Amino acid sequence: MTAHIERINIPLTSPLIIAALLFSTAACSNPSAVSTSNNKSTATESKEVSASDSDTQTATQTTTQTKTSKPAFTTKAIATFDEPWAMTALPNTGSQAPKLLVTQKTGELFIVDTATGNKTKIEGVPTVAYGGQGGLGDIIVAPDFATSNTVYLSYVEAGAGVDSNRFGAKVIKATLSGLETTTPTLQDITPIWEQSPKVTGQGHYSHRLLFSPDGQYLYISSGERQKKEPAQNMSMNLGKIIRLYADGSVPKDNPFVNDSNDIASQFWTMGNRNVLGIRFDESGRLWANEMGPKGGDEFNLIKKGKNYGWPIVSNGRNYSGTPIPDHDTRPDFEMPKITWTPVISPSSLSLYTAGSHNDFPALQGDFLISGLSSKALIVVSIDEDDSATERYRYDMGERVRSVLAVDGQVWALEDGDGGRLLRLLPK
């Protein structure tokens with residue numbers, strides 16, 4: 001199996017990079033399993049795509065669960081994209097097929113009619129710095145979208161002047177105008193937040209977006225940009241989960257509010273590495289999945305003011321092979337509820353709940369995680385005692401960039417060029 005690393009602005013002659021390439025191939029070659037041992041393997045956003053000519057395929061069983069207890073499904077291809085990254089559903093008050101907003105990393109935003117597969121490009125998207133893991137990122141609708149037509153987007157922006165080779169994630173809000181026309185446009189673009197400082201390299205932006213269930217707070221995951229130390233640095237908003245109001249202002253009850261440190265005032269948590277999925281459960285608890293280094297992918301319960309330990313602790317190892325102390329050596333840091341070694345490369349997170357549809361009643365209240373190197377859809381159950389367990393795993397045959405459960409239906413986006421938007425249909 002050949003693995004291609006996403007583009008990073010560092011010479012590939014570096015011994016560490018060569019080692020990372022070798023490790024990424026190993027990670028793609030072995031099926032992932034839940035593990036809390038010290039058998040540490042590789043996590044990487046390696047890129048491997050083999051698009052199928054078939055519109056329908058059956059997800060196969062890859063865990064020890066019996067077939068009678070594990071929901072089965074087929075997948076129906078709706079549309080294709082080039083390097084899709086995120087999707088969200090537009091509010092739907094009727095019983096018609098949902099319309100999805102889908103981003104492409106290269107800087108395009110589309111409305112997709114899932115009934116027909118038709119894609120309509122939305123103009124007015126800001127210029128993005130495309131490369132490596134960077135480009136156009138997440139898309140969500142505002143809680144008051146029905147009256148405001150406001151959406152929030154994240155993307156990577158290049159610095160200017162002497163900082164032209166430095167990059168950082170940025171979040172904006174905009175009005176989606178002409179929604180029912182053939183020429184929809186983003187208007188009234190307003191900056192909300194950005195990573196500070198911009199740094200070299202093109203990895204670990206994270207930049208996932210989520211509103212709280214009451215619509216009052218905007219959460220942003222901010223990766224540590226493969227620099228490690230910023231995750232523990234109170235003067236940088238890298239390696240953190242951010243909590244703001246919808247207009248970008250800082251809530252006074254944030255845990256690190258400090259009149260002399262505006263940056264720290266944004267933080268909800270710290271010590272995070274590369275959080276690519278954040279979601280509330282039915283009880284209002286906030287959860288996140290996080291890519292580990294060489295092993296040690298994490299599923300975390302996100303608590304106000306907690307430190308999750310990166311890069312001081314991890315259940316993985318450095319890409320060079322040098323060890324990192326495990327979480328259990330530092331009880332002062334928050335421990336993950338699940339770790340995966342070998343890795344699953346979690347790329348998004350969604351919560352299944354019934355709505356107008358109830359395609360998978362057995363998954364009510366379960367989390368769905370899309371996997372890149374694992375080429376899998378992982379189902380995680382949570383309990384009232386804050387514990388979490390991998391319940392099922394489905395072999396999807398392709399790297400899965402995003403999964404979205406909405407109104408009792410489930411949608412998945414394959415990664416890379418020709419990545420398909422799939423609907424999961426119960427068998």
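Residues numbered from 1 in each chain as written. Predicted model: local features only at pLDDT ≥ 70, side-chain atom pairs only at ≥ 80, totals over all residues. Heavy atoms only, no water.

Student: Hey, could you run me through the pattern of salt bridges in this one?
Tutor: Once the charged atoms of two side chains with opposite charge are near each other, the side chains can pair. Scanning the model with the defined rule gives 17 salt bridges in all. Here aspartate 253 and arginine 243 are joined by a salt bridge, their closest N and O atoms 2.9 Å apart. A residue pair is termed long-range when its members are at least 10 positions apart, and aspartate 253 in the loop between β14 (240–245) and α3 (262–265) and arginine 243 in strand β14 qualify at 10 residues. A relative accessible area of 36% means that aspartate 253 is categorised as partly exposed. The exposure class of arginine 243 is buried, given its relative accessible area of 4%. A salt bridge links arginine 330 to aspartate 332; the shortest N-O distance between them is 2.7 Å. Salt bridges sharing partners connect three or more residues here, namely Glu157, Lys170 and Lys198. (Salt bridge = Lys/Arg side-chain N within 4 Å of Asp/Glu carboxyl O. Helix = DSSP H or I, 4+ residues; strand = E, 2+ residues; numbered from the N terminus. Buried < 20%, exposed > 50% of the residue type's maximum accessible area, 1.4 Å probe, protein only.)

Student: Just to check I follow, could you spell out the side chain of threonine 114 for this structure?
Tutor: Relative to the helices and strands, threonine 114 is located in the loop between β6 (109–113) and β7 (119–122). Under the relative-accessibility criterion, threonine 114 is labelled buried at 8%. At 2.5 Å, the side chain of threonine 114 forms a polar contact with the backbone oxygen of proline 98. When sequence neighbours within four positions are dropped, the list of residues in contact with threonine 114 reads Ile78, Ala97, Pro98, Leu100 and Trp411. (Polar contact = N/O pair within 3.5 Å; in protein donor to acceptor, adjacent residues only side chain to side chain. Contact = heavy atoms within 4.5 Å.)

Student: Please clarify how the nonpolar core should be interpreted in this entry.
Tutor: The nonpolar side chains of a soluble globular protein tend to be buried, and buried together. The biggest cluster of nonpolar side chains holds 23 residues, and the ones touching the most others in it are Leu101, Leu109, Val151, Leu153 and Leu186. Elements that contribute at least two residues to this core include exactly β4 (84–89), β6, β8 (136–141), β9 (150–158) and β10 (167–177). Residue contacts for leucine 109: discarding those within four places in its chain leaves Leu101, Val102, Thr103, Thr120, Lys121, Ile122, Val125, Leu136, Ile139, Leu153 and Leu186. Ranked by size, the runner-up nonpolar core spans 17 residues in total, among them Ile140, Val171, Leu218 and Phe256. (Core = buried A, V, L, I, M, F, W, Y, C linked by side-chain atoms within 4.5 Å.)

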